[in-house]
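The chain contents come next:
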Amino acid sequence: MEKKVDGISIIIPVHGMNTDNDILLLNKALESVKQCQQNYEDNLCVKLIGDNNTLDSIRTNKNFNDSNVVIDYCINNVKTDFCSQINTAVNQYVDTEYFSILEYDDEYAPTWFNSVKEYHYTNEDVSVFLPINVQMENSQNIYQFCNELVWANEFSNELGFIDSDCLENYTGFNLTGGVFNTNDFKRIGGLKSSIEVAFNYEFLLRLTNKKLKAFVVPKEGYYHLLNREGSLTDHYSKTLTNELIKQWFNIAKTEYHYTEDRCKTPIVSSAEELK
């Protein structure tokens, strides 16, 4: 087995960093990594992945603060959608046993990685540790929590764990902020870039179908900004109809049986086609 170095790799996929506000958000994300590092004894290494032009525009922006943490600039000039960026980073650049995903407009809670370490001691066979995700419209307004339902009685078969049964009834889990076992992620095929909107759900279906474990740490660990213009969720809200979203989730419910991405697409009725 390939020898892994100590610490956790933090993958930040970047695409189309066109404004000073984008840079300021990235700075805040990196500052949150710095705060985590101050509370965490192992190394946290940022893998900033994007195409040459995007990475160059970041490094040359006068407002970019690259002194907060150690950064590896990881070039990906091929497929630059979110899932492909993550898969490329894991397959080509991650050399640690575990990695995490940080969107550049989000932030970690300062003690998140210590919380993961605390629960890892008694759950070493877990493949994915997810945070309770605090989703916000802006930094002052807490909008809702995500991933916390597995801590409700009888929601899943084992308190705190995501399983196939609860995934039959709930699709809204979020993977960003999570800490993933690198070998397990590779073994089950990573994220499927062909699946829009439902790729988180399909991944968890596939993982639990392979008898691997996903555990939600009962701590607020990640702050996710909702509805930022230009974000992935903003893109989905503007380009996907309700019928198309439903079809993507139905595809997820069939494709999780396959490790490879078979690039299945919805059959959209003329009445529901994108405008």
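The rules behind these values
- Residues numbered from 1 in each chain as written.
- Predicted model: local features only at pLDDT ≥ 70, side-chain atom pairs only at ≥ 80, totals over all residues.
- Heavy atoms only, no water.
- Phe/Tyr/Trp six-rings, centres within 6.5 Å; stacked < 30°, edge-to-face > 60°.
- Helix = DSSP H or I, 4+ residues; strand = E, 2+ residues; numbered from the N terminus.
- Buried < 20%, exposed > 50% of the residue type's maximum accessible area, 1.4 Å probe, protein only.
- Contact = heavy atoms within 4.5 Å.
- Axes fitted to C-alpha atoms, helices over the stretch in contact; angles between N-to-C directions.
- Parallel < 35°, antiparallel > 145°, perpendicular 65-115°, else oblique.
- Left-handed = near helix turned anticlockwise from the far one by under 90°.
- Nonpolar A, V, L, I, M, F, W, Y, C, P; charged D, E, K, R; others polar.
- Core = buried A, V, L, I, M, F, W, Y, C linked by side-chain atoms within 4.5 Å.

Chemist: What's the story with the packing of aromatic side chains in this structure? I'm lost.
Modeler: The geometry of an aromatic ring pair is captured by two quantities: the separation of the ring centres and the angle between the planes. The full count for this structure, using the stated rule, is 16 aromatic pairs. With 5.9 Å between their ring centres and 80° between their planes, Trp151 and Phe215 make a pair best called edge-to-face. Taken together, the residues Trp151 in the loop between strand E7 (141-146) and strand E8 (161-162) and Phe215 in strand E10 (residues 213-225) connect sequence positions 64 residues apart. A relative accessible area of 30% places Trp151 in the partly exposed class. Using a relative accessible area of 4% as the deciding quantity, one classes Phe215 as buried. Relative to Phe203, the ring of Phe185 lies with its centre 5.5 Å away and its plane at 40°, an arrangement referred to as tilted. In this pair, Phe185 is assigned in helix H6 (residues 182-187) and Phe203 in helix H7 (residues 199-209), connecting sequence segments 18 residues apart. By relative accessible area, Phe185 is classed as buried at 3%.

Chemist: It is not clear to me how the environment of Lys253 should be interpreted in this structure. Could you clarify?
Modeler: You can see Lys253 is positioned in helix H9 (residues 242-255). Accessibility expressed as a relative area gives 38% for Lys253, which makes it partly exposed. For Lys253 and Arg206, which are 47 residues apart along the polypeptide, the C-alpha to C-alpha distance reads 9.2 Å. In contact with Lys253, other than residues within four places in its own chain, are Tyr201 and Leu205.

Chemist: Explain the packing of H7 against H9 to me, please; I cannot follow it from the model alone.
Modeler: How two helices pack is summed up by the angle between their axes together with the distance between the axes. In the contact formed by H7 and H9, the axes pass within 9 Å of each other and the chain directions differ by 20°. Classified by the interaxial angle, the pair formed by H7 and H9 is roughly parallel. Handedness of the H7/H9 crossing: right-handed. Contact residues: H7 offers Tyr201, Glu202 and Leu205, while H9 offers Phe249, Ala252, Lys253 and Glu255. Taken together, the residues of the contact of H7 with H9 break down into four nonpolar, no polar and three charged.

Chemist: Help me understand the nonpolar core, please; the structure alone is not making it clear to me.
Modeler: General note: in soluble globular proteins, nonpolar side chains tend to be found buried as a group. Ile86, Phe99, Ile162 and Phe203 are the most contacted members of the largest nonpolar core, which has 42 residues in total. Looking at this core, the elements with two or more residues in it are helix H3 (82-93), strand E4 (96-101), strand E6 (126-138), helix H5 (164-169), H7, E10 and H9. Phe99 has contacts with Ile8, Ser9, Ile11, Ile86, Val90, Val94, Gly178, Val179, Phe180, Thr182 and Phe185, leaving out every residue within four places of it along the chain. Val33, Tyr104, Phe129 and Tyr222 belong to the second largest nonpolar core, which has 35 residues in total.

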